[in-house]
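Below are the chains, spelled out letter by letter.
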Amino acid sequence: MRVLVIEDETKVGCFIKRALEEESYAVDLCEDGVKGLEMALATNYDLLVVDLMLPSMSGMDILRTIRRERIQTPVLILTAQSQIDQRVKGLDAGADDYLTKPFAIDELLARVRALLRRGATESSGMLQVDDLVLNPATREVTRGGQRVDLTLKEYALLEYLMRHTGRVLTRPMISEHVWNQDFDTFTNVIDVYVNYLRNKIDRGRTKKLIHTIRGSGYMLKAD
Ligand code: CA
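This write-up is about the structure you can find in this document. (Residues numbered from 1 in each chain as written. Predicted model: local features only at pLDDT ≥ 70, side-chain atom pairs only at ≥ 80, totals over all residues. Heavy atoms only, no water.)

As for the side chain of Asn 135
With respect to the helices, strands and loops of the structure, Asn 135 is situated in strand β7 (residues 132-135). In this structure, Asn 135 is in contact with Met 126, Glu 140 and Tyr 155, ignoring residues within four places of it in sequence. (Helix = DSSP H or I, 4+ residues; strand = E, 2+ residues; numbered from the N terminus. Contact = heavy atoms within 4.5 Å.)

So this is what it looks like as structure tokens:
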């Protein structure tokens with residue numbers, strides 16, 4: 001799951017990013033309103049965490065713009081104590097939840113989990129490629145109706161591949177979305193995990209879904 005945090009207070013932003021990363025989310029952090037909006041429009045995030053007071057564009061304007069663009073990504077807004085009256089406006093403008101600063105990090109994580117669950121249920125959220133089915137809400141994976149047991153990291157990698165079916169995914173891209181550590185030291189880890197996945201998804205099956213694109217990376221597709 002990939003999260004965009006738009007927060008101009010570096011300390012708060014980094015704190016949120018680190019906490020989410022420890023929960024295995026891939027996190028982008030942006031400290032500017034206009035840049036944050038561009039990122040939110042350009043990338044299919046699973047969740048946005050948006051501070052209200054931002055340089056160049058307010059969190060409220062970001063929220064209104066993405067909802068006008070029919071982007072249904074769940075949005076959690078952050079408000080300062082002095083902006084409590086803004087919460088109602090935020091919810092009216094299409095925010096899914098809000099949190100008042102300062103907040104306990106456990107509360108933020110609980111709300112993030114709730115919003116991601118809600119998003120997956122509402123859009124039914126099932127990912128399917130051929131007879132491979134992944135349910136983000138329950139984290140259940142089946143192939144040909146048979147349950148496939150995956151580790152958390154294998155699951156995160158498969159979810160990323162399935163969300164980008166038919167596209168070549170380079171190792172740096174995979175690293176960025178699925179791994180949060182420095183890519184250089186983990187180059188081989190990606191190949192190792194793709195092989196783990198192959199063993200569980202493709203081994204013994206006529207139709208292979210995970211393809212190696214020589215010199216580029218990997219692609220999940222039916223043909
Ligand atoms: Ca701020």
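Focus on the coordination of the calcium ion
Donor atoms from the polypeptide that bind the calcium ion are Asp 8 (OD), Asp 51 (OD) and Met 53 (O), placed at 2.1 to 2.3 Å. The sequence motif formed by the donor residues of the calcium ion is D-x42-D-x1-M. (Donors = N, O, S within 2.8 Å, 3.2 Å for Na, K, Ca; no water.)

Describing the pairing of strand β2 (residues 26-30)
Buried residues dominate β2, accounting for four of its five residues. Note that strand β1 (residues 2-6) and β2 share five bridges and pair parallel. Opposite Val 3, over in β2, you have Val 27 as the bridge partner. Between the parallel elements β1 and β2, the chain passes through helix α1 (residues 10-22) in a crossover that is right-handed. (Buried < 20%, exposed > 50% of the residue type's maximum accessible area, 1.4 Å probe, protein only. Pairing = 2+ DSSP bridges. Right-handed = clockwise from strand over helix to strand, strands pointing away.)

What about the pattern of salt bridges?
The full count for this structure, using the stated rule, is 18 salt bridges. Close ionic contact of Arg 143 with Asp 202 constitutes a salt bridge, the shortest N to O distance being 3.0 Å. You can see Arg 143 sitting in strand β8 (residues 140-143) and its partner Asp 202 sitting in the loop between α8 (187-201) and β11 (210-213), a full 59 residues away along the chain. Assessed through its relative accessible area of 4%, Asp 202 is described here as buried. One salt bridge connects Arg 163 with Glu 159, and the closest N-O pair in it is separated by 2.9 Å. Here the residue Arg 163 and the residue Glu 159 both occupy positions in helix α6 (residues 152-163), the gap between them amounting to four residues, near one helical turn. On the basis of relative accessibility, which here comes to 33%, the residue Arg 163 falls in the partly exposed class. (Salt bridge = Lys/Arg side-chain N within 4 Å of Asp/Glu carboxyl O.)

Distances and angles like these do not, on their own, reveal function.
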